[in-house]
Structures are given as C-alpha cells and as structure tokens.
Amino acid sequence: MPSRPSNLRRYLSVYLALWRNSIIREMGFKTNFLLWIVVECLWFVLQLGFVGVLYLHTDRIGDWTKWQVVMLIGAGHCIQQVFQAFFLVNCSNLSELIRTGKMDFMMLMPINTRFLVSLRQVDLGAFVNAASAVGVMVYAGMQLGLSPTWVQMAGAALLGVTAIFIHYALMFLLATASFWTVKAQGIVWGYYNLFNISRLPDSAFRAGWFKNVFTFVLPMILVANVPVKVLIAKLHSPWEPLLLVAMAVVAMTVSEAVWRISLRRYTSASS
Amino acid sequence: MQNTLSYRVNFLFRALFGLVPLMGTIYLWRRIYEDKGEAGEVAGYTLAAMTSYYLLVTVVDALTAVNEDDWQIAADIKDGNISQFLLKPIDYLAYRFCLFLSGRLIYMLVAIVPVGLFIWSLRSYFVVPSDAATLGCFVLSLVMTALLQFLMSYTMALLAFWVLEVSTFIFIVFAFEYIAGGHLFPLNILPPLVQRVLELTPFPYQLFFPVSIYLGQTTGDALTRGLVIQAFWTVAFYGIARFVWSRGIKKYSAVGG
C-alpha cells in the first residue's frame, strides 16, 4: 500500500521527467525559443508604451499614478507568464488530445490523469519573461520610492500564486468543454484575450455589469490588482484578498467536479 | 467556404472575446475624462470622439483584418500542399485572395450580431461621415487597407519557405501593427514628430488611416498625400509578395526535387 510521502515523491519524479522533456524539446529549436521571448517582450513593451502615451495626457487614472500602473502591468504580465509557463499550452492541447484519441493513452498511465494532462509541457521561455516583468516591477517600485516589508512581499507573492490557480482552474474548466464540442480551442484562446483586462487599474471600472462579471464570475479585475495593492499599500479593506482566495477555492472545486463528470462522458475518438 | 462555415462558432467567440478588452479600454478612457471634467479633451478628442474612434476601429477591423489566412498559407507550404497549385493553372495568390474575401464575408455575417449589439449599446457615439466625398474616400481607403492587410500577411506567411516556424515573425509584425496601426489608441494623440515618422510606414494604413478619414480628421492635402502613400504601399507589397513567391518557389522545388 503506497504511503503518502512516497506517492508525492513519485509525482515529483514524473514531473522532473516532464521538465527534462520540455527542455530537450525547446533546445531542439533554439532560434524559435529565443524568438518567442522576443515576441512576448515586444507585447509587454507595447503595453507599457500605451501607459506612457496615456500619461502624456493625464496624470492619474482614478487614484492610480503612472508608476503604480506600470507596476500593475508588470504584475499582470508576471502572473500571466508564470501561468503560461505551467499550464497554457496544456490547456489548449486538451481538445487536440481528445480529438485525436490520444486521451486514451493519457488515461492508461498509472498516474492522475488531470496531473498529467495539465502539466505535460513546460514553457520555459515564459520564465524569462516573468523575470523581466519582475524587473519592471522593481524599477517601478524604485520610482515610487517604495520599501515594502517582507510581509507585504510575501502576501503579494501568495496572492499572485492564488491568481495563477484561478486562471488555471477557469481555463481548464473551459478546456473541458472539448469533451462536448470540438471548438473548445477557440474558447480557450478567447479566455486568453481577457488577460488584457487584468492589466487595467480597477478604479477605471465603475460599478456595473461589466465590473460584476469580471470580479465575481471571471475575476480578471482582481487577479493583478489585489497583489499590487498589497505591495503599494493601497488596500483599504481586507475583503479583496479574501475574495480572491475564495474565488480560487470555488474555481478549483468547480473545475475538478466538471472534469470528473466530463471524464465519465469520454468515449474514445475512434469508437 | 464550407470549411470557413464550420468554424463560425469560433468566429463568434473571436468577435465576442475580442470586444471585451476593447470595452476595458473604453472604460479606462471614461475614467480619464471623468477626472478632466465636463469639457475635457485629449489632443482634440472629447470622450464622445474617442468612443466613436474605437467603434470605427472595430468596424474597419471586422471588414479588413486577416485572421487565419497567414497560418493556412504557412501550413500549405510546410505540408507540401502547394505542390498541387504549381501543377494546376491556378495562381496561388489569386486563390488565397478569394479565400480571404470569402472568409471576410462569413466573418462579417457572424460578427454582425456581437459588433452590432456593441455599436447599438454605444449608438449615441456612432457618427456618420460629413459628406459623400468623405465616404467615397473612406471606401477607397478601406479597399486598399484590406488589400494591404492581405498582401502583408501573405508575404509574411511565405517566409515558411525558409523558416520552420513563421508564427513568431507574424506576431512580431502584428505587434507593430497593433500599436502603430492605431488599435490601442488613436495615433494623433502621439507627439507630432512620432506621427510624422509613422505616416511613412505601412502600419497606419492598415487601420488608422481609413478611420481618420471617416471621422473627418484627415482632409485636403493630408488626405491626398495619405491616399498616395497608401496606394504606394499596397502596390509595393504586391510586388514584394510576387518577388518573395518566385524566390520561394525556387527554394521549394530545390528541396522537393
């Protein structure tokens, strides 16, 4: 009977093997690997450029100053890239696995299927981009004359991780739609589009259906804003971080439940 | 055509999800104008003008943007599907252009619901051009924009003759198009010097230029000059596309033979 620690070790060793595979795969196409980093950097600079242009014409958006927004964009980018490093490719590949019937093979493996499907590939370039985002955040922090305490930094980092789990749970939930329709890849990429909202300061949104949907259903407005507000001591009430954590728990639970129902429904591609 | 139709759900999602970040941007501007007070202006734009700018961007984008054509062309080259076009008396560029046109037509039919609703919800900001001549110039420019969009994507996709993975190049060009074409913000809120430089690149003519004609911002000499530069880029990219194709074919047959 496998005891808990050895089980954990088994999963770790499988995960290490997956990492090794990803590194080998990436190193096979070095130029391509570097070019993707250039692409992501370019889009990041583009977002920062937009802020630069906006602040040519105004000195604040709601109660957000220029460097605070720069930090927000850095945080949004960092969260997005770490999410991308671990989960994005795998979520968007799920529909491919189902369509081609490779899912059979995954389910036969003596390991949790969701674990394997979610973490099969690692996007290593995304870590480089996440690091550049952290660099921008540090620079913005210096411009703001910020000296956050360890508690603030740990809190922001934890909330960032929570945010990544929210993204993962929601996108995986959308990806499981592939058990019903072949068009799920479009939905997954649609969700990816919504990352754009997470980089906007929350005070841009007045109460209304838009704000409600993207706070309580797809909490895009919370994911990057809350960690940054912890860092720059802008947080006025404790309910925002609590809401973020609660959303993560709900999202993970729902996505796991739907995943189980979907697996039961799965019939192989050929049969 | 059938292929495109089977993906109409994807089109719908694309149109729908594409609008959400745009709404985010509009909210952002609203907030900025709110702080500026009633008569606030940004580089001559009132909030109403700014909103109509983004509405027009959505319309022009739905009418002219390429969506999957470049990926398909690159895949055709990589998988060797273009061999059959070399044997048949069909011009590949003309064939792709027909696919592009039909793809646009279907996209418009599908996107008309979400885009229509979006415009309806902001209808008070939707303006009509001041006179028929403006409208004529807008349509002329719009046609050239579509041609330019298509030809640039086509040329980029032809890089697949030389490199394994063209998506990075396509995304790099798209990033420039996104910011220098006016997707993110109207180009005339930029410092004048930057505007003058951008005017000479092909990017503003992929989106911003027709929009600015429609809104009556580009008139007189600037209008003529813009149309000439746009025509120049369109013809130039036609030439480049033909040239790259002929070079690529040589490379291709060398590999295949």
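Model, not experiment: these values are computed from the prediction. Sequence order as written defines the numbering, with residues in each chain counted from 1. Chain letters and ligand numbers both follow the written order, the letters beginning at A and the numbers at 1. Predicted model: local features are reported for residues with pLDDT of at least 70 only, side-chain atom pairs are reported and counted for 80 or more only, and whole-chain, interface and lining totals are derived from all residues.

**So, the nonpolar core**
Counting residues in hydrophobic clusters, the biggest one holds 124 residues, and the most contacted among them are Ile79(A), Leu170(A) and Met171(A). Beyond its immediate stretch of four places on either side in the chain, Met171(A) contacts Phe87(A), Cys91(A), Val188(A) and Tyr191(A). By size, the runner-up hydrophobic cluster in this structure holds 6 residues, among which are Ala15(B), Tyr107(B), Val110(B) and Phe118(B). Nonpolar core, as used here: buried Ala, Val, Leu, Ile, Met, Phe, Trp, Tyr and Cys residues forming one set through C-beta atoms within 7 Å. With C-beta atoms placed from the backbone, a residue is labelled by how many other C-beta atoms lie within 10 Å of its own: buried for 20 or more, exposed for 12 or fewer, partly exposed between the two. Here, residues touch in the contact sense if the C-beta positions derived from the backbone fall within 7 Å of one another.

**Re the interface of chain A and chain B**
The interface of chain A with chain B comprises 31 residues on the first partner and 28 residues on the second. Only α2 (30-57), α8 (184-193) and α9 (195-198) of chain A provide two or more residues apiece to the side of chain A that touches chain B. A run of H or I in DSSP becomes a helix once it reaches four residues, and a run of E becomes a strand once it reaches two; helices and strands are each numbered from the N terminus. A per-element tally of the side of chain A that touches chain B places α2(A) first, with 13 residues. Each residue gets one of three labels, nonpolar for Ala, Val, Leu, Ile, Met, Phe, Trp, Tyr, Cys and Pro, charged for Asp, Glu, Lys and Arg, and polar for the others, Gly among them. Taken together, the residues of the side of chain A that touches chain B sort by class into 19 nonpolar, 10 polar and 2 charged.

**Regarding the confidence of the model for chain B**
Residues and elements named next belong to chain B. Each residue carries a pLDDT score, the predictor's confidence in it, ranging from 0 to 100. Looking at chain B, the pLDDT average stands at 84 and 93% of residues meet or exceed 70. Per-residue pLDDT stays below 50 along residues 1-6; that stretch engages in 5 contacts with residues further than four places along the chain or on separate chains. For this predicted complex, the interface confidence reaches an ipTM of 0.81, while the overall pTM sits at 0.86.

**Observations concerning the environment of Gly226(B)**
Residue and element names in this part refer to chain B. Tracing the backbone through its elements, the reader meets Gly226 in helix α11 (residues 220-256). Assessed through the 21 C-beta atoms surrounding it within 10 Å, Gly226 is described here as buried. Along the sequence, Gly226 and Ile213 sit 13 residues apart, while their C-alpha atoms lie 9.7 Å from each other. With near-sequence residues (within four places) excluded, Gly226 lies in contact with Phe209 and Thr218.

**As for unusual backbone geometry**
In this structure, Ala233(A) takes a positive phi of about 55 degrees despite not being glycine. Turning to its location among the elements, Ala233(A) is positioned in the loop between α12 (225-231) and α13 (239-265).

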